[in-house]
Amino acid sequence: MPYSPFYLMSKRQLHKNFIAYRDALAGLDSAFIGYAVKANHNLHVLRYLASLGCGAVLVSGNELKTAIQAGFSTQKMVFNGNGKM
């Protein structure tokens, strides 16, 4: 029988990590915390991060479509990577 990957994620830990980043940046002139959508495009994870006020770092049109579907604010999206102008 073939095996397939299984990913277990902790919502609590995800929340703690986001809060730690937010708190570490407190007082600095930073626009927002951006999550690299290419790192994990699971809609449940992305929707949760968007609900926390996280932004999205994108490298493609497909990632833009996914970020919009997940509910990220378009004011908190950044295109990054080679060849962007």
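Position numbers for residues start from 1 in each chain and track the written sequence from start to end. In keeping with the predicted nature of the model, local features appear solely for residues at pLDDT of at least 70, side-chain atom pairs appear and are counted solely at 80 or more, and the whole-chain, interface and lining totals rest on all residues. As a rule here, side-chain values come from all non-hydrogen atoms in the structure, and water together with hydrogens is ignored.

Trainee: Got a minute to help me understand the overall build of the chain in this structure?
Mentor: Each helix is a run of H or I in the DSSP string that is no shorter than four residues. Each strand is a run of E no shorter than two, and both are numbered from the N terminus. Looking only at helices and strands, one finds 3 helices and 3 strands in the chain. From first element to last, N terminus to C terminus, the chain shows the α and β order α-β-α-β-α-β. With the principal axes as the frame, the chain shows a C-alpha extent of 55 × 35 × 20 Å. Relative accessibility thresholds used throughout: buried, under 20% of the residue-type maximum; exposed, over 50%; partly exposed, between the two (1.4 Å probe, protein chains only). Evaluated residue by residue, the chain yields a buried proportion of 22% over its 85 residues.

Trainee: What is the right way to look at the packing of helix α1 (residues 11-24) against helix α2 (residues 43-51) in this model?
Mentor: Angles run from 0 to 180 degrees between N-to-C directions of axes, and those axes are lines fitted to C-alpha atoms, restricted for helices to the stretch in contact. Packing of α1 against α2 leaves a shortest axis separation of 11 Å and a crossing angle of 40°. On the basis of the axis angle, α1 is oblique to α2. Relative to α2, α1 is oriented so that their crossing is right-handed. Touching K11, L14 and H15 of α1 are V45, Y48 and L49, all from α2. Put simply, angles under 35 degrees are roughly parallel, angles over 145 are roughly antiparallel, angles from 65 to 115 are roughly perpendicular, and the rest are oblique. By convention the crossing between two helices is left-handed if the near helix lies anticlockwise of the far one by an angle smaller than a right angle, and right-handed if it lies clockwise. Throughout, a residue-residue contact means that at least one pair of heavy atoms, one from each residue, lies within 4.5 Å.

Trainee: What should I look at first to understand the confidence of the model for the chain in this one?
Mentor: Note that predicted coordinates carrying low pLDDT should not be read in detail. Across the chain, the average pLDDT comes to 92, with 96% of residues at or above 70. Each residue carries a pLDDT score, the predictor's confidence in it, ranging from 0 to 100. The secondary structure element of the chain with the lowest average pLDDT is strand β3 (residues 77-79), at 93, and the one with the highest is α2, at 97.

Trainee: How do you make sense of the sheet that holds β3 when you look at a structure like this?
Mentor: Within a sheet, neighbouring strands are paired by backbone hydrogen bonds and run either parallel or antiparallel to one another. At least two bridges found by DSSP between two strands is the condition for calling them paired. One open sheet holds the 3 strands; their spatial order is β1-β2-β3, and the pairing between them is parallel. Since the sheet does not close on itself, it has two edges, and those belong to β1 (34-36) and β3, each with one partner. Between one strand axis and the next, the sheet turns through 25° on average, direction left out of account. Bridge count for β1 against strand β2 (residues 55-58) is 3 bridges, and the pairing is parallel. Looking at the pairing, A36 lines up with V57 of β2. With respect to the sheet, helix α3 (residues 61-70) is in contact with β2 and β3, its orientation differing from that of β2 by roughly 165°.

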